[in-house]
Amino acid sequence: MANTDLDSVEQYDAIGTSPDRSDAKSKATGRAVFIEDMHFRGMLYGKVLRSKFAHARILSIDTARAEKMPGVRGVVTGADIPVLHGEALKDDCFLARDKVRYRGEGVAAVAAVDEETAEEALSLIDVCYEELPAVFDPEEAIKPEAPLIHEQLGAYRHAPGIEPISGTNICNYFHLEKGDVDKGFAEADLIIEDKFTTGMQQHCTLETHCGICLIDDDNRLTLWATNDSPYRTRKEIADALKIPQINVRVICAPYIGGNFGGKGGLKAEAAAIALAWKIRNKPIRVLFTREEEFTSAIVRHPSVIYLKTGVKKDGAITARAVRMYFATGAYAEKGPTITRFGGVSGAGPYNIPNVKIEASCVYTNRQLSGAMRGYSGPQAAWAYESHMDNVACKLGIDPLEFRLRHVYTDGDTHASGQEIYSEGLKECLEKIGERMEWGKKSLGRNRGKGVACMERAVKTPFGSAAFVKVNEDGTVDLLSSTTEVGQGADTVLCQIVAEELGVPFDWVKKATPDTSTTPYDTSTTSSRSTFHMGNAAKAAAADAKGQILKLAAELLKTNADDLAIKGGNVYLKDNGGSSLSIAQVLGKHFGHSATVLGRGFYYPHLEVPVEYFSTHMIFWLLGAHGVEVEVNRQTGEVKILKVYAAMDVGKALHPSNCTAQLEGGVSMGLGFALYENFIFRGGDFLNPSLLDYKIPTALEMPEIEPIIVECAHEEGPYGAKGIGETTNVSLPPALANAIYDAVGVRIHELPITPEKILYALKQVSEKKTQQRADADPATVGNPFGGKK
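If you're wondering where the values come from, they're calculated on a predicted model, not measured in any experiment.

**Q** Explain the packing of helix α11 (residues 377-395) against helix α18 (residues 731-743) here, please?
**A** The relative placement of two packed helices is expressed as an angle between their axes plus a distance between the axes. At a closest axis distance of 8 Å, the pairing of α11 and α18 adopts a crossing angle of 30°. Taken together, the axis directions place α11 and α18 in an arrangement best described as roughly parallel. Here α11 runs over α18; the crossing is right-handed. For the pair formed by α11 and α18, the contact residues are Ala-381, Trp-382, Glu-385, Ser-386, Asp-389 and Cys-393 on the first element and Pro-732, Pro-733, Ala-736, Asn-737 and Tyr-740 on the second. Residue composition of the contact of α11 with α18, grouped by class: seven nonpolar, two polar and two charged.

Written as structure tokens, this is what we have:
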């Protein structure tokens, strides 16, 4: 339901404009300080010894030779810090204990006076292993005879709503039903089944993972990190080490060199903490190499997804069943909640009366899978949107029309049971169709069009807090623990504060997150910052404004309700009488001692019981892509002619930033669809570098037409929702659907390579030849199809 107050034309000063981003100049001039630029007196440098086995029991670790090496200040193993950490499921070690579960897992770490000495010392550590059977495929891992990766799964602590299955490799099972799916299939005239798979994808941020940790003799821990969620990190550390949260201080680096979900949890931080736990009163830095990013950080979850849909001849969908497997690697990481998010939207953004969804998060002996832009969305959409086109094809219905008939609209009931509101997805599809001239313009031979759409859950219900500090001269500090990871959050939050408080945008500056000084935020994830932290910042600015107006009212001999602030000046709304600058108001009351502190907190309240990662959302991320392609039948190569990208943003607070998010999402979506591919041989990863792992460059980027849809949300700040995380999600299936439209082959496995297209074309050709032969055996062997 749109807010009627937002439907009217409003005049804003900061909102809806596109000022230069607050981080632009520092980054463009090279003045931005990243964690690798930070140095402390006496800082030591850590390196990690990593397993060469995918699954093995650790029989012994001898560190004596390494400890004696000049320049080495300490060596740590899992025995020195025998505790577990994690978010939804606490199953991960700071360093491996008893056994290793993937090739690349940390076994021991060295701290030395420089990185070269630490690296050399690793070669002096002797580890004796007993290799164990390994399993790499999620469908193999769920079989009863599969080797158990975590024998103690049933004993691990976990969040409510997470359902690990003891005695198996399933660390979370999610189940959702709506209606009666068996009855729905019985009523169907046609049932279509498909299987789709996706592989791993790496974040490839320019800056690798890094953490600097200092622990003193009183167990007070300070962590400088590139982490996207300082308060979540603080809780994970405090819970693991069993120390009060006040003893854990997490300070974000002034700038973080990219994220896409990869900078959450403890990665390089875990090794730095392990070293600092043993070597006290020294800051210790662990900086991952590019190879460690590929082998020992996190990747996108590989997936296997089965869909079964029942339809009537007229195109009505009667039922859909979905079975999903997310391969989370050796430890759960964010896998359990990714499985919940993937599961709740597994049937797609469609109003289907009967739905059954089962999603399993499965351990394998590969590196950890975790949060990555889309958080299950790309895997789920690849399956349900490729499947939707296939169903439409079987029915002989236009695929865009088929979607428009079934897509959620306001008032519908979601598969989760939630009533849908503020749903702009239909408008996204309609605008894509208009821009593509869908059904009108023919692209020619071997060319095709494809469309796909998506929904993605938003982390609900979790809170965000902000402080707004008005200084003596009227300038403003925004204290917020939302992290700037390149997405533009700092700029948008400053716009919100400037608008609400009535000061120029360039008067507002956001502080770097620090759990000792900036207030609570759940995480900078899930495209929640503009909505959740935006609401908190807006409330804090309103609180500060109320205090200023009250002070000004005393000076101007009027009521605070009769006053407003614009351009940093307090004035009477009727434009009569005197005005005072904020600095004058504070100065006349407090002299040079003036400050005003506004406080804001936002927590979404839903009409359902509070649960961890609810299946009911305060808003849904909604978008669509259209793609036009040309396919070379001789080489299998795909040329992308144009991409259309639409997203329902609620309200575009910074239109230029919204456009940039749409364009950036296309790049990441193309990588997932066409290029990015991990090459394994058993447990060995064969292309752990940017030399051998291909991502799109500027040369591969097609023409992009961004489309901003604004379906205002009644609770969003100025009607805004989120945008950044899901602008990549529906591009791969849109591309696959365009390829099918061009040459008639359906690809079921990502990435889409020329080899897969050629193989599919060959299969189609052989099938046609066989059909002709079955119809008339005399045509066999005749390339012209006639009789011999």
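**Q** I'm lost on the sheet that holds strand β27 (residues 638-648) in this one. Help?
**A** Sheet strands associate in pairs through backbone hydrogen bonding, adopting either a parallel or an antiparallel arrangement. Strand order in the open sheet formed by four strands is β18-β26-β27-β30, with mixed pairing between adjacent strands. The open sheet has two free edges, formed respectively by β18 (447-456) and β30 (703-709), since each of these has just one partner strand. Pairwise comparison of adjacent strand axes, ignoring direction, gives a mean angle of 15° for this sheet. As judged from the seven bridges shared by β27 and β30, these two strands associate in the parallel manner. For Asp-648, the partnering residue across the bridge sits in β30 and is Val-709.

**Q** It is not clear to me how helix α12 (residues 399-406) should be interpreted in this structure. Could you clarify?
**A** Spacing of three or four residues puts side chains on the same side of an α-helix, whose turn is 3.6 residues. Among the residues of α12, Pro-399, Leu-400, Phe-402, Arg-403 and His-406 are the ones counted as buried. For α12, the arc enclosing every buried residue in end-on projection is 160°, short of the 170-degree limit, so these residues lie on one face. Among the structural elements, β16 (317-329), α11, α13 (425-436), β18 and α18 are those in contact with the buried residues of α12. Two to three positions downstream of the cap, the backbone nitrogen of Leu-400 sits 3.0 Å from a side-chain oxygen, assigning the N-cap of α12 to Asp-398.

**Q** Quick question: what am I supposed to make of unusual backbone geometry here?
**A** Working note: non-glycine residues mostly have negative phi, and peptide bonds are mostly trans. With omega at -10°, the peptide bond leading from Thr-460 into Pro-461 counts as cis. Mapped onto the fold, Pro-461 is located in the loop between β18 and β19 (464-470). Note the cis peptide between Leu-750 and Pro-751, where omega equals -5°. Within the secondary structure, Pro-751 is located in the loop between α18 and α19 (754-775). Even without being a glycine, Tyr-718 presents a positive backbone phi close to 60°. By secondary structure assignment, the location of Tyr-718 is in the loop between β30 and α18.

**Q** Which parts of the structure should I look at to understand the pairing of strand β3 (residues 72-77)?
**A** Along a regular strand, successive side chains alternate from one face of the sheet to the other. Within β3, five of the six residues are buried, which leaves it mostly tucked inside the rest of the structure. The sheet contact formed by β3 and strand β7 (residues 106-112) spans five bridges and is antiparallel. In the strand pairing of β7, Val-72 is matched with Ala-112.

**Q** Just checking my understanding: could you explain the side chain of Ser-614 for this structure?
**A** Within the secondary structure, Ser-614 is located in the loop between β25 (596-602) and β26 (621-631). In terms of polar contacts, Ser-614 uses its side chain to reach the backbone amide nitrogen of His-616, at 2.9 Å. Ignoring sequence-local partners within four residues, the contact set of Ser-614 consists of Arg-340, Thr-460, Pro-461, Leu-606 and Val-608.

Conventions used here
- Residues numbered from 1 in each chain as written.
- Predicted model: local features only at pLDDT ≥ 70, side-chain atom pairs only at ≥ 80, totals over all residues.
- Heavy atoms only, no water.
- Axes fitted to C-alpha atoms, helices over the stretch in contact; angles between N-to-C directions.
- Helix = DSSP H or I, 4+ residues; strand = E, 2+ residues; numbered from the N terminus.
- Parallel < 35°, antiparallel > 145°, perpendicular 65-115°, else oblique.
- Left-handed = near helix turned anticlockwise from the far one by under 90°.
- Contact = heavy atoms within 4.5 Å.
- Nonpolar A, V, L, I, M, F, W, Y, C, P; charged D, E, K, R; others polar.
- Pairing = 2+ DSSP bridges.
- Buried < 20%, exposed > 50% of the residue type's maximum accessible area, 1.4 Å probe, protein only.
- Arc of directions from axis to C-beta.
- Polar contact = N/O pair within 3.5 Å; in protein donor to acceptor, adjacent residues only side chain to side chain.

Fair warning: the whole summary comes from geometry, so function is off the table for now.
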